[in-house]
Amino acid sequence: MGVRGLESVVRGRVLAGGDAGFGAASRPWNLAVEQEPVAVVEVADAGDVAAVVRWAGERGLSVAAQATGHGATGSASGAVLVRTGALDGVEVDPVRRTARVGAGVSWGRVQEAAAVHGLTGLPGSSPGVGVVGYTLGGGLGWFGRRHGWAADAVRAWEVVDAGGGRARVSAQSDPDLFWALCGGGGDAVVVTGVELELFGAPELYAGAVVWPVERAARVAAVYEEVLAGAPEELSVWWSLHRFPGAEPLVSVQAAFLGSAAVGEKLLAPLVSVGGSVRDTLGVLPLTGLGSVSGDPVDPTPGLARTELLTGAVGEWSAALAAEPLDPLFGVQVRGLGGALAGPSATPFGPLTEPFYAYAFGAPVGPGGAEAVRSRLERLFAGVAVSGRKPLTALAGGEPLGRVFSPGVLERLGRIKRERDPRGVVRAAHPVLG
Ligand SMILES: Cc1cc2nc3c(=O)[nH]c(=O)nc-3n(C[C@H](O)[C@H](O)[C@H](O)COP(=O)(O)OP(=O)(O)OC[C@H]3O[C@@H](n4cnc5c(N)ncnc54)[C@H](O)[C@@H]3O)c2cc1C
């Protein structure tokens, strides 16, 4: 299907196969994902989004929206890819404690703008992840144990529906669609902006302690001890790092949303392990929180799998550290609980499992992807998992039944059929498969 005529209905840049720059514009942040859209539109504004949706709908084409491509799954292949980078507005209302955020904005910018007013949003581990993609998937990070899912902090969505009409969707104006957007993936509309509730910015005591892998058993025991006594303001994550050519390491990353004096006391057992090769625990500005887990910033090829663990992690993590991880590079375990396990209006609902474990590798050469997948399979065979996982942790090809209950999937499917009967919008994880 040609894309002739698309340029004449939008103000933004349109690129199709054969155009210089098409490859770069099509490429997602996750370089392991191949996506071949029929065209890329770098929309200039929300009006452009509406025009693209109408144009595509009239021609039987689909539209896939991406801000960064951190969550790309390949589902944009064959669709018109809407790149939302120019929808870059961030307006903080310090009186109402809200931020209106354009669909192209990543978390780092929201945190910078909120910090000016002593406020914070609820980002994940990486400031480079898009606010809209993260929040459509629920969104959990360092603030989760204190404030719950990011999607529960949404006040309203600004959207273009599958017919190209624009609307502001709140819990009052359209409860069904609002529910589907707040953690259900949003596979019925293209979002142009979101209004988020902000929270008072706490003090922050955070950082990472890193040890040679030989200390893994002791570190695992102390990690569990710290977590067992942690208030909701403290989140503690454990990581194993086995990058090729580098010394294997274990680390604990922590963020305490409170004073240094209390944070130091809560995390003292980590320091008492001794023998660390690095200790960055200290007072940080909230805008520095993204540095704690050391997520990659530049586009990277990655294959990952996440599982929710139902029991203790000490023995499992110590055993992982004692064996080769090849071809994986790392494992991260996040202690959950707190507000994440409490009431939630999101389609996922309360996150009651105690741990979230994420393992990743990079596919290299022929058979590389298969080697990573089969190692991921073996890795999780040794630990009790619930079988479900948050939507932002779902890999391409994994079924949505791993995220949502049959009743929730039924309701999301009904909303998709009612709002987008011709399948114009295509999300990373299409609700109807
Ligand atoms: C390094 C890294 C760290 C991460 N850390 C966390 C974390 O701490 N917590 C967590 O919960 N998740 C985390 N994630 C997962 C991340 O939240 C998801 O991959 C999320 O979907 C990324 O959103 P994005 O907008 O950056 O990505 P994109 O790939 O641009 O978007 C992902 C999907 O969101 C939907 N979408 C995006 N924009 C729109 C729009 N305007 N309208 C409609 N649909 C849209 C589409 O389905 C799109 O395919 C992380 C991912 C990476 C790679």
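Residues numbered from 1 in each chain as written. Predicted model: local features only at pLDDT ≥ 70, side-chain atom pairs only at ≥ 80, totals over all residues. Heavy atoms only, no water.

## Digging into the overall build of the protein chain
When you go through the protein chain residue by residue, the secondary structure sums to 11 helices and 19 strands. Principal axes of the C-alpha set define a box for the protein chain whose edges measure 65 × 55 × 40 Å. In the protein chain, the share of contacts with a sequence separation of at least 24, taken over all contacts with a separation of at least 6, comes to 73%. Surface accessibility of the protein chain: about 17,200 Å² in total, with carbon and sulfur atoms responsible for 53%. Between the mean site of the 36 positive side-chain charges and the mean site of the 42 negative ones, the protein chain shows a separation of 3 Å. (Helix = DSSP H or I, 4+ residues; strand = E, 2+ residues; numbered from the N terminus. Contact = heavy atoms within 4.5 Å. Areas by Shrake-Rupley, 256 points an atom, 1.4 Å probe, with all protein chains shown as cover. Lys, Arg positive; Asp, Glu negative; His and termini not counted. Charge placed at Lys NZ, Arg CZ, Asp CG, Glu CD.)

## Re the packing of helix H7 (residues 216-228) against helix H9 (residues 314-322)
Two elements in contact, H7 and H9, have axes whose closest approach is 8 Å; the angle formed by their N-to-C orientations is 155 degrees. Classified by the angle between their axes, H7 and H9 sit roughly antiparallel to one another. Every pair of crossing elements has a handedness; the one defined by H7 and H9 is right-handed. Residue-level inspection shows Ala216, Ala217, Ala220 and Glu224 of H7 in contact with H9, the latter providing Gly314, Ser317, Ala318 and Ala321. Classifying every residue of the contact of H7 with H9 by side-chain character gives five nonpolar, two polar and one charged. (Axes fitted to C-alpha atoms, helices over the stretch in contact; angles between N-to-C directions. Parallel < 35°, antiparallel > 145°, perpendicular 65-115°, else oblique. Left-handed = near helix turned anticlockwise from the far one by under 90°. Nonpolar A, V, L, I, M, F, W, Y, C, P; charged D, E, K, R; others polar.)

## Looking at empty space enclosed by the protein
Inspection of the entire model under this criterion finds three cavities of 30 Å³ or more. What the largest cavity holds in volume is close to 70 Å³. Every residue lining the largest cavity is listed: Leu177, Ala180, Leu181, Gly184, Gly186, Asp187, Ala188, Leu412, Ile415, Lys416 and Val431. Elements supplying a minimum of two residues to the lining of the largest cavity: helix H6 (175-181) and helix H11 (406-419). Residues that form the lining of the largest cavity fall into these classes: seven nonpolar, two polar and two charged. Looking at the second largest cavity, its volume works out to about 50 Å³. Looking at the lining of the second largest cavity, the elements that each hand over two or more residues are strand E13 (234-241) and strand E18 (328-335). Of the residues belonging to the lining of the second largest cavity, the class tally is four nonpolar, three polar and two charged. Here the lining of the second largest cavity spans two domains, and each of domain 2 (90-200 + 406-419) and domain 3 (205-389) adds at least three residues to it. (1 Å grid on protein atoms, 1.4 Å probe; cavity = no way out; pocket = protein on both sides within 12 Å on 5 of 7 lines; lining within 4 Å. Points joined across faces, edges and corners; volume = space filled by probe spheres on them. Domains from an automatic or database assignment.)

## A few points about the environment of Val132
When you line up the elements, Val132 lands in helix H4 (residues 131-136). As a C-alpha pair, Val132 and Ala46 span 86 residues in sequence and 14 Å in three-dimensional space. In this structure, Val132 is in contact with Ala103, Trp157, Val191 and Val194, ignoring residues within four places of it in sequence.

## Focus: the UniProt feature "domain: FAD-binding PCMH-type" (unreviewed entry) in the protein chain
Feature annotation in UniProt places "domain: FAD-binding PCMH-type" (unreviewed entry) on residues 33-201, given in this structure's numbering. Taken end to end, residues 33-201 is 23% helix and 27% strand, and its two terminal C-alpha atoms sit 36 Å from one another. (UniProt positions renumbered as here; feature names shortened; annotations may be inferred.)

## Notes on the nonpolar core
In this structure, Trp157 and Leu181 are the most contacted members of the largest nonpolar core, which totals 87 residues. A total of seven residues in this core trace back to one element, the largest contributor, which is helix H2 (residues 46-58). Look past the residues within four positions of Trp157 in its chain and what remains in contact with it is Val132, Thr135, Leu136, Ala167, Arg168, Val169, Phe178, Leu181, Cys182, Val191, Gly193 and Val194. Grouped together as the second largest cluster of nonpolar side chains are 41 residues, Trp211, Val219, Leu234 and Leu309 included. (Core = buried A, V, L, I, M, F, W, Y, C linked by side-chain atoms within 4.5 Å. Buried < 20%, exposed > 50% of the residue type's maximum accessible area, 1.4 Å probe, protein only.)

## Focus: the site of the ligand
Not every one of the 30 residues close to the ligand is listed here, only the nearest: Ala67, Thr68, Gly130, Leu140 and Thr392. Between the ligand and the protein, one listed contact pairs an oxygen atom with a backbone N or O atom of Ala72 at 3.4 Å. Between the ligand and Ser125 there is a distance of 2.8 Å, counted from an oxygen atom to a backbone nitrogen or oxygen. Look at the ligand: alone it shows 950 Å² of surface, and the protein chains cover 90% of it. Secondary structure elements with two or more residues in the shell around the ligand: strand E3 (63-66), H4 and strand E10 (190-197). Ranked by residues supplied to the shell around the ligand, first place goes to H4 with four residues. Taken together, the residues of the shell around the ligand sort by class into 15 nonpolar, 13 polar and two charged. Counting the residues that make up the shell around the ligand, at least three belong to each of domain 1 (6-83) and domain 2 (90-200 + 406-419). (Near = heavy atom within 4 Å. Polar contact = N/O pair within 3.5 Å; in protein donor to acceptor, adjacent residues only side chain to side chain.)

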